[in-house]
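# Close look at the chain arrangement
Spelled out from the first residue to the last, the chains are:
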Amino acid sequence: MRHIISILMENESGALSRVAGLFSARGYNIESLTVAATEDPSLSRMTLVTRGSDRVIEQITKQLNKLIDVVKLVDLTQGAHIESELLMVKINVDEKGRARFEQYIAEYHGRIVDTTESNMTIEITGNSEKLDNFIKTIGENNILELVRSGVAGIGRGDRILHL
């Protein structure tokens, strides 16, 4: 099962390396990873996506909590949450196909950020499923280059991760 783990951690050099090292030492995969400073400059928020059974995720969270840099963490998938990701994709396009791609972009609420005679670069945000569906819609054989930011997530309503 897919899990989104949000970690509040000390904004110190090496903290990211220690978290990644924990995953690699135990043979767990990180599918997506984002890290940035929070409203408190001494803290960073790391959001990572991984897959595993409830037992494996429980083990991961216990091991993460033992790291000195980790202040607090939550498995966002255990409750109501919002997740979003950024996709930038450069596609091969000719004059005949341009209108069709522009229609797809509008349907997915994306925007064109760059265009030439032979290609167009598109930016779309949304959950991972939405981005996966857009990629299928435009056709993988039309893709010249693709970049995804990784998932950012936050709890809904009163569910807050802070000190």
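In case you missed it, the structure is sitting above this.
Presented here is an overview of the structure given in this document. Numbering of residues begins from 1 in every chain and follows the order in which that chain's sequence is written. Local features in this predicted model are restricted to residues whose pLDDT is 70 or higher, and side-chain atom pairs enter the listing and the counts only when it is 80 or higher, whereas totals over whole chains, interfaces and linings include all residues. Hydrogens and waters are ignored; side-chain quantities use all the structure's heavy atoms.

## A word on the pattern of salt bridges
- Salt bridge criterion: a side-chain nitrogen from Lys or Arg within 4 Å of a carboxyl oxygen from Asp or Glu. Per the counting criterion, the structure on display carries nine salt bridges.
- Linking aspartate 69 and arginine 18 is a salt bridge whose minimum nitrogen-to-oxygen distance equals 2.4 Å. Of this pair, aspartate 69 sits in the loop between α2 (54-66) and β4 (70-75) while arginine 18 is found in helix α1 (residues 15-25), placing the two residues 51 residues apart along the sequence.
- Under the scheme applied here, a residue whose accessible area is under 20% of the maximum for its type counts as buried, over 50% as exposed, and between as partly exposed, the area being computed with a 1.4 Å probe on protein chains only. Taking the relative accessible area as the measure of exposure, aspartate 69 reaches 7% and is therefore buried.
- The exposure class assigned to arginine 18 is partly exposed, which follows from its relative accessible area of 36%.
- The residue arginine 148 makes a salt bridge to glutamate 85 at a minimum N-O spacing of 2.9 Å. Taken together, the residues span a long stretch of sequence, with arginine 148 in strand β8 (residues 143-148) and glutamate 85 in strand β5 (residues 81-92) at a distance of 63 residues.
- Via salt bridges that share partners, Glu85, Asp132 and Arg148 belong to a single interconnected network. The numbering of helices and of strands both runs from the N terminus, where a helix is a DSSP run of H or I of at least 4 residues and a strand a run of E of at least 2.

## Some details on the packing of aromatic side chains
- Classification of ring pairs uses Phe, Tyr and Trp, with its six-membered ring standing for Trp, and accepts pairs whose centres are within 6.5 Å; under 30 degrees between planes counts as stacked, over 60 as edge-to-face, and the remaining range as tilted. Enumeration according to the criterion identifies three aromatic pairs in this entry.
- Plain terms: the ring middles of phenylalanine 23 and tyrosine 28 are 6.3 Å apart, the flat faces sit at 75 degrees to each other, and that makes the pair edge-to-face.
- We classify phenylalanine 23 as buried; its relative accessible area is 1%.
- Here tyrosine 108 and phenylalanine 134 contribute two aromatic rings whose centre-to-centre distance is 5.2 Å and whose plane-to-plane angle is 70 degrees, an arrangement assigned as edge-to-face.

## Section: the side chain of threonine 50
- Mapped onto the fold, threonine 50 is located in strand β3 (residues 43-51).
- Pairs of N or O atoms within 3.5 Å make up the polar contacts considered here, provided that, within protein, one atom can donate a hydrogen while the other can accept it, and that residues adjacent in sequence are counted only when both atoms are side-chain atoms. In terms of polar contacts, threonine 50 uses its side chain to reach the backbone carbonyl oxygen of asparagine 29, at 2.6 Å.
- Between two residues, a contact is recorded if the distance between any of their heavy atoms is within 4.5 Å. Those residues in contact with threonine 50 that lie beyond four places of it in its chain are Met1, Arg2, His3, Ile5, Phe23, Asn29, Ile57 and Ile60.

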